[in-house]
Amino acid sequence: MKKLFILIASVFVFTTGFAQRTSTVASAPIRPAFSAGISAASKTTAAGALDTLTHVLSTDTLTGYKLAAANGGYVTGTNMWGDKAFAERYDYTDNGGSNMQVVGLFAVFTGKVNPASTKSITFKLWDEGDMQMISATRYFRGFPNNEIDTLSVPVTKLGIGATTDTLKKFMFKDSTSNFYSSFFAGYSIDYDFASLNGDIIGLASTYNGHRLPLIDYRLVLNINSSIDTTLDTVFNVQNATLESDNKWYDNYTQNDSIKNNLAIYPIVILGAPAAVKGITRNNLTFFGNYPNPATTATNIRFSLAQSADVTVQLTDIAGKVLITAKSASLTAGEHTIAINTSELAPGTYFYLVSTSGGEGIASKFIKE
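The rules behind the values
- Residues numbered from 1 in each chain as written.
- Predicted model: local features only at pLDDT ≥ 70, side-chain atom pairs only at ≥ 80, totals over all residues.
- Heavy atoms only, no water.
- Helix = DSSP H or I, 4+ residues; strand = E, 2+ residues; numbered from the N terminus.
- Contact = heavy atoms within 4.5 Å.
- Buried < 20%, exposed > 50% of the residue type's maximum accessible area, 1.4 Å probe, protein only.
- Pairing = 2+ DSSP bridges.
- Axes fitted to C-alpha atoms, helices over the stretch in contact; angles between N-to-C directions.
- pLDDT = per-residue confidence, 0-100.
- Core = buried A, V, L, I, M, F, W, Y, C linked by side-chain atoms within 4.5 Å.

(A) Layout of the side chain of S303. Its location among the elements puts S303 in strand 26 (residues 297–304). Discounting chain neighbours no more than four positions away, the residues touching S303 are N283, L284, T285, F287, G333, E334 and H335.

(B) Fine view of the environment of D192. Residue placement: D192 occurs in the loop between strand 16 (183–189) and strand 17 (200–203). D192 gets classed as partly exposed once you look at its relative accessible area, which sits at 47%. Sequence-wise, D192 and G82 are 110 residues apart; in three dimensions their C-alpha atoms are separated by 7.6 Å.

(C) Quick look at the sheet that holds strand 25 (residues 284–290). Spatially, four strands are ordered 24-25-26-29 in an open sheet, and the strand pairing comes out antiparallel. Either end of the sheet is taken by a strand with one partner, and the two such strands are strand 24 (279–281) and strand 29 (333–340). Between one strand axis and the next, the sheet turns through 25° on average, direction left out of account. With six bridges connecting them, strand 25 and strand 26 associate as antiparallel partners. Residue pairing in the sheet places T285 in a bridge with S303 of strand 26.

(D) Focus on the confidence of the model for the protein. Per-residue confidence for the protein gives a mean pLDDT of 78, with 75% of residues at or over 70. Element-level mean pLDDT values for the protein span from 28 in strand 1 (residues 6–8) up to 96 in strand 17. Here residues 1–20 is a poorly scored stretch, pLDDT under 50, and it has 54 contacts once near neighbours within four places are set aside; other chains count. Taken as a whole, residues 32–46 scores under 50 in pLDDT and shows 69 contacts with residues more than four places along the chain or in a different chain.

(E) Expanded view of the nonpolar core. In terms of nonpolar packing, the biggest core is built from 40 residues, with L62, F109, I121, F123, L158, F183 and Y187 touching the most fellow members. For this core, the secondary structure elements donating two or more residues are strand 8 (85–90), strand 9 (100–112), strand 10 (120–128), strand 13 (144–154), strand 16, strand 17 and strand 23 (264–270). Here the element with the most residues in this core is strand 9; it accounts for eight residues. Leaving out residues up to four positions away in the same chain, L158 has contacts with F109, I121, F123, V153, T166, K168, F170 and I201.

(F) Summary view of the environment of G142. Mapped onto the secondary structure, G142 falls in the loop between strand 12 (138–140) and strand 13. In this structure G142 comes out as buried when scored by relative accessible area, which is 2%. Considering only alpha carbons, one finds G142 and F183, 41 residues apart in sequence, at a separation of 9.6 Å. Beyond its immediate stretch of four places on either side in the chain, G142 contacts E128, G129, D130, M131, F184 and V237.

(G) Examining the pairing of strand 25 more closely. For strand 25, a buried count of six out of seven residues is recorded, marking the element as mostly surrounded by other parts of the structure. Strand direction decides the pairing type here: strand 24 and strand 25, joined by three bridges, are antiparallel. Bridge pairing links T280 to T285 in strand 25. Between strand 24 and the antiparallel strand that follows it, strand 25, lie two residues; N282 among them carries a positive phi value of about 55°. Count of turn residues in the strand 25/strand 26 antiparallel hairpin: six residues.

(H) Broad picture of unusual backbone geometry. The omega torsion across Y290 and P291 is -5°, close enough to zero to call that bond cis. Structurally, the position occupied by P291 is in the loop between strand 25 and strand 26. At N197, a position not held by glycine, the phi torsion is positive, near 55°. With respect to the helices, strands and loops of the structure, N197 is situated in the loop between strand 16 and strand 17. Exposure remark for N197: the relative accessible area of 58% places this residue in the exposed category. With phi around 55°, S329 is a residue other than glycine that occupies positive phi space. With respect to the secondary-structure elements, S329 resides in strand 28 (residues 321–330). Classification of S329 by relative accessible area gives exposed; the value is 53%.

Below, the structure is given as structure tokens:
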């Protein structure tokens, strides 16, 4: 049922010990995910403004991963294993008591749908559960836990086409979900794989390896007494699958060994912040830009957990790159990159902050 995962580090070798699951293959490419400049994980500093969070870059090509078995279905959808739900984790850094409200989702689905189908999927938001122990010194970071919001959508309305799959927007009916930390966005589907009647669908994703670094983990030092210096390893659950046994499994370490990002993007509204908050993506934490609106210049603020090269690309609303600013070998800690906007015409602009380690976070601002 599961695929073997091996972690080799300088001090240990660890295997999960799960049984192997059928290998996977990528289907035909799907693109684009978003127009250039607004597709990465994003946040605006303005309270009450709409924005979109995603781990998919505008340069990423999407695909649907299929089980290698003949007609085995999609890894992120209807398949021979009877998987029930699929979720991607998003991190929200709350440093001062503000909240983030998720009001909807963008998503890209692929596959085939019977035009007469009566099936539906249910988009869901989950909070993050407690850490789960793997061994005495190793844990999984929390899996999807409590359902916070749901929205039922017919599979005929997902944007799956005969030749082209499209990005679609779905808004929750009651925008009551407030988050102060990490959460999961995804969907569930109830089906009998033996009688799908043409409804073979799956949530699109980036290609394997687009999620960097290859292994997400952190070391936590336990000090329970003066002589306890055990190093605990906490494995990040970036995306997960609810299988037929009603248990969540980490897609990379326990499931299909695919290191990717799911093409589902929460639409958020930030509450009134006491201070500028951050969105974290691995090594990069993004704090937005100021002033916004801008006149002659705006400052893009972020921090790094480890040293990296950083590039800022500013685009117009059509995605044309207008300004590129590169900073090499920035040290760990907080940084600000100033962008000269004096020559820009009034209007809306987008910018992408990216690192040499593969992280990308984007947002937008107004030029007055």
